[in-house]
Amino acid sequence: MKTSSARLSGLGTTIFAEMSALALRTGAVNLGQGFPDTDGPAEVIEVAVDALRGGRNQYAPGTGVPELRHAIAAHQKRFYGVDVDPDTEVGVTTGATEAIASALLGLIDPGDEVIVLEPYYDSYVAVIQMAGGVRRPVTLRAPDFRLPIDELRAAVSPQTTAILLNSPHNPTGTVLRREELDAIAAVAVEHDLVVISDEVYEHLTFDGIPHIPITTLPGMAERTLTISSGGKSFSFTGWKIGWATGPASLVQAMIGAKQFLTYTSGSPLQPAIAHALGADDAYFDTFHSRLQAQRDQLCDGLAEIGFEVYVPEGTYFATTDIRPLGFDDGVEFCRTLPGLAGVVAIPHQVFYDDVAAGRPLVRWAFCKQPAVIEQALERLQVLATTTP
């Protein structure tokens, strides 16, 4: 009896499921999976409650409820000066993960090559494989994780059809600079490539570093599908309300695949996220200031323990090199860490084709309350005096 398709070969269980289960089983502090331990704004929850009680509990339109599509369009105009038609150039999805999956399934044919910045979020690998595509990694390397532009150009072949971009970048925390985005845009235009741009951490950049959507660059609006979600920007990761914006042809390709996945979801949650997107500037300023303070708390504490810390420019995550503490394999380290110190983290190497580049690196989430971060750091102090 056949029990699995070739599309799933080698994918196994996501590292996030494995490490979160380990945290539950051992009672460890979970600095692994990237979800906050506090809810988003109470007023947004109340909008969802009103929608639940007001009868908005049946199927939403497949492209999303009108007020959310209009709110997404207004958000793109407000923050980036980008004009999109809410009726034809916006599609709502079950989280950004489904938007990425639907975009790849809707735009990639078997044998098409997709350039991906590695380390990469693990769903990228899975969906490219399910679509029959071939990934071509371009590696962001420690210590600065900047884009190697010559390697990007060299990765293009006659079979390349798309670039899957992620900035602010998970797991490294890199925010691509204008000159890096210009290089990507030049490659995309020269080779007539589609760019699928995952920007879920758009409102989480630090130290005054701006997020620049690649669609704003010359020649890119007509070839870019921009993806984001309400989960990261408003701390409602479990609601799974995502979206994509871009030219109608690309949005329709995504919706064409998405309609056979969930079709639609989260009907009463969509108007709540629409309300959230209209938050005043004070919300966004306070939000990233709070996360920057938590980043600094975690990074300073990890450095004091003895890790080499690569301070992120954005996202929920900080990366460390574990070798100064005598470890050299991130997977082994993360699997033993709950027993050693009662903390869970995520190894980088599962996000690489170039496993050696990620082997000594570990990702830590700082989207947790300061008291939780402090508890984790106190537990990790044992590593400063423990020989592996």
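Not measured: the values here are computed from a predicted model.

### What about the sheet that holds strand β4 (residues 134-139)?
Here is step 1: The strand order β2-β8-β7-β6-β5-β3-β4 describes an open sheet built from seven strands, whose pairing is mixed. Edge strands, defined here as strands with exactly one partner in the open sheet, are β2 (90-94) and β4. When strand polarity is set aside, the average angle formed by the axes of neighbouring strands in this sheet is 20°.
Here is step 2: Sheet analysis places strand β7 (residues 224-229) next to strand β8 (residues 241-245), joined by four bridges and oriented antiparallel. Each bridged residue has a counterpart across the sheet, and for T226 the counterpart in β8 is T245.
Here is step 3: On top of the sheet, helix α7 (residues 178-191) reaches β5 (160-166) and β6 (194-198); it is set at about 160° to β5, its chief contact.

### Concerning the sheet that holds strand β10 (residues 317-321)
Here is step 1: One open sheet holds the four strands; their spatial order is β9-β10-β13-β12, and the pairing between them is antiparallel. Because the sheet does not close on itself, it has two edges, and the strands there are β9 (308-310) and β12 (346-347).

### Focus: the pairing of β7
Here is step 1: The buried count for β7 comes to six of six residues, which makes it a mostly enclosed element.
Here is step 2: On β7, burial covers both faces: T224, T226 and S228 on one face and L225, I227 and S229 on the other are all buried.
Here is step 3: Bridge count for β6 against β7 is four bridges, and the pairing is parallel. The residue of β7 that forms the bridge with D198 is I227.

Definitions and limits used
- Residues numbered from 1 in each chain as written.
- Predicted model: local features only at pLDDT ≥ 70, side-chain atom pairs only at ≥ 80, totals over all residues.
- Heavy atoms only, no water.
- Pairing = 2+ DSSP bridges.
- Helix = DSSP H or I, 4+ residues; strand = E, 2+ residues; numbered from the N terminus.
- Axes fitted to C-alpha atoms, helices over the stretch in contact; angles between N-to-C directions.
- Contact = heavy atoms within 4.5 Å.
- Buried < 20%, exposed > 50% of the residue type's maximum accessible area, 1.4 Å probe, protein only.

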